[in-house]
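Okay, here's what each chain looks like letter by letter:
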Amino acid sequence: MFRKKISDLLLIIFFIIIIILPNLFFNFRGKISRIENKTLALRPQFYSSEGKLNSNFIHEFETYYSDRIGMKEYLIGSFMILKDKIFHVLNIPDYMWGKNNEMYYSGGTWAIDMYNGKIHFSEEILKREQTNLTILSEYLDFMKIKNRIFVFIPSKEQIYFENYPSFVPKAKSDMVDELCDFLSKNSNLDILNAKQLLLSHKNNSKPLYYKCFDPTHWNSNGAFIVYQEAMKRLFKHDKNLKILSKDEIDIKEDEFRGLSERYSLINWLNKSFSYKDIIYSYIPKNKYEVIFDRNYANEIGLDRNIPYKHLYNTELKNKKTIFVYGDSYLENFWLDWLAQSFENVYFLHSAANIDILNNLIIETKPDYFILERVDRVYFSFENLKILKQFYDR
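### Focus on the packing of aromatic side chains
And then number 1: Under the criterion given, the structure shown has 28 aromatic pairs.
And then number 2: On the basis of an interplanar angle of 80 degrees and a centroid distance of 6.4 Å, the ring pair of Y160 and Y209 is categorised as edge-to-face. With a gap of 49 residues between them, Y160 in the loop between strand 5 (147-153) and helix 6 (175-186) and Y209 in the loop between helix 7 (194-202) and helix 8 (220-235) connect regions that are remote in the sequence.
And then number 3: The exposure class of Y209 is buried, given its relative accessible area of 3%.
And then number 4: Residues F224 and Y282 carry aromatic rings whose centres are separated by 5.2 Å and whose planes lie at 45 degrees to one another, so their mutual orientation is tilted. Of this pair, F224 sits in helix 8 while Y282 sits in strand 8 (residues 275-284); the two residues are 58 residues apart in sequence, bridging distant segments of the chain. Of the two residues, F224 and Y282, both sit in the buried class.
And then number 5: An aromatic cluster is built from F26, F28, F46, F57, F61, Y64 and Y65, whose rings are joined through pairwise contacts.
And then number 6: One Lys or Arg, K156, reaches over the ring of Y104 and ends 4.7 Å from the middle of that ring.
And then number 7: The ring of Y325 carries R373 above its face, with NZ or CZ at 5.1 Å from the centroid.

Okay, here's the thing in C-alpha cells:
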C-alpha cells in the first residue's frame, strides 16, 4: 500500500514537471524560430491602438503560446532525428530524400508536379511568355542595350534525375526544354538552355548541384560552367571582354557534415546528422578590389527585403556596366566573377517592381543585360509586359 502511494505520488510529480517545465523556459524574447523557419507571433494586446477591445485576443494568444512554449525547438528537433534514424524520413517542409542521400526540394507538391509533368507549358502559355520576353527585348533596344542574354536554369532533379524518389515518374519533357525550344524556333532572342549545357558536363565533372547542403541551388561547379558559356555569348559582341578561365580561379573544397545549410546555425541538431556534402568556392586569383554600394537603392526606396547589389571595381577602368535581373542562382555565385570583367555590376532580384527595374536601368545605363530564371519561377514573366509603357508612346 505504501509503495503504491509512493508510485502514485511520483507519477503526479512527473506530470506536474511536464506541465510546468515548458512554461519555465517560455520563449519571451525570441523573434524567429530557426528550426521552423518562421517569425514567432508577438504577444497580443487586450485593446487595439484605437482603444477598442481586441475581439481576436483568445485566438492570437493561442498562437503566441503555441509558437513560444518552452523547449519546443528541442522537441521538434528530437522528432526530426528520430524519424530520420528509424525511417530515413525527412521531417522538413518542402524537402524530401531521394536515393543515395540526395536531398531534393519539393515545394509542397509544386516541384514534384513539374517533374512528373502535371505542371507544364501549354501552347497558349508559351506564346504569352514569348510575347512578354519580346517586350523586354524591345525595351532593351529602346534603351540602346544591344548586348543581352536570357539564361534559363533547371532545378537539381532535371540533372540528377537518377536519384529522384522512384515513386515519382519523370515526364517526357520539362519546362526548361519546352520554353527554350519554343523560343528558339519562334523568336530571335538569345537563349541559353542551361539544362542541356549542364547535362553535357554531368558525367565528366564533379557534382554540379549540392547533395544536401542546399538542394535548392547549383554549386560553384555548375554555376561556373554556365557563367563561361554566357560570357562567350556576350564576347561575340565585344572581343575585349575578359572571361575567367579555371586557370585564373582558386578552387576551394570544404566538407560539410550535418543535415543542410538551413540548420547549420543549430549546432546540436546539425551534429546529430552525419550526411556529407562538399562546398566548392571559386575565388579569382588576381581578384580586384570590389566595393558594395546600396546607396541608390536607398534613394529610390527599394524594399530592403528585395535583393539589390552594386559591385564597383575600383581598379578596372573599362567603363563597362552589366545589369543582372534574376534570382539567387546568379546573385550567390556570378556577381564576383562578373566584377572581374565589368567596372560596374548591378543586380536586381526579379521580385522587384517593374518601375524599380526601369528606374535602375535609366540611372545605371548598362551596356550588357542578363535575364535569368530557374524553372520553378518561369511563370513570373507576366510582369514584363508593363515595360511596354516605357517605350511604346
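Now, onward.
### What about helix 3 (residues 72-87)?
And then number 1: Taking 1.5 Å of rise per residue, the 16 residues of helix 3 would be expected to cover 22 Å, and the 22 Å separating its terminal C-alpha atoms lies within 8% of that figure.
And then number 2: Along helix 3, the residues that are buried comprise K72, G77, M80, I81 and D84.
And then number 3: Here the buried face of helix 3 lies against helix 2 (57-68), strand 3 (95-97), helix 9 (267-270) and strand 8.
And then number 4: One or two residues past the end of helix 3 sits H88, with phi positive at roughly 55 degrees.

Conventions used here
- Residues numbered from 1 in each chain as written.
- Predicted model: local features only at pLDDT ≥ 70, side-chain atom pairs only at ≥ 80, totals over all residues.
- Heavy atoms only, no water.
- Phe/Tyr/Trp six-rings, centres within 6.5 Å; stacked < 30°, edge-to-face > 60°.
- Helix = DSSP H or I, 4+ residues; strand = E, 2+ residues; numbered from the N terminus.
- Buried < 20%, exposed > 50% of the residue type's maximum accessible area, 1.4 Å probe, protein only.
- Lys NZ or Arg CZ within 6 Å of the ring centre and 35° of its normal.
- Expected span 1.5 Å × (residues − 1).
- Contact = heavy atoms within 4.5 Å.

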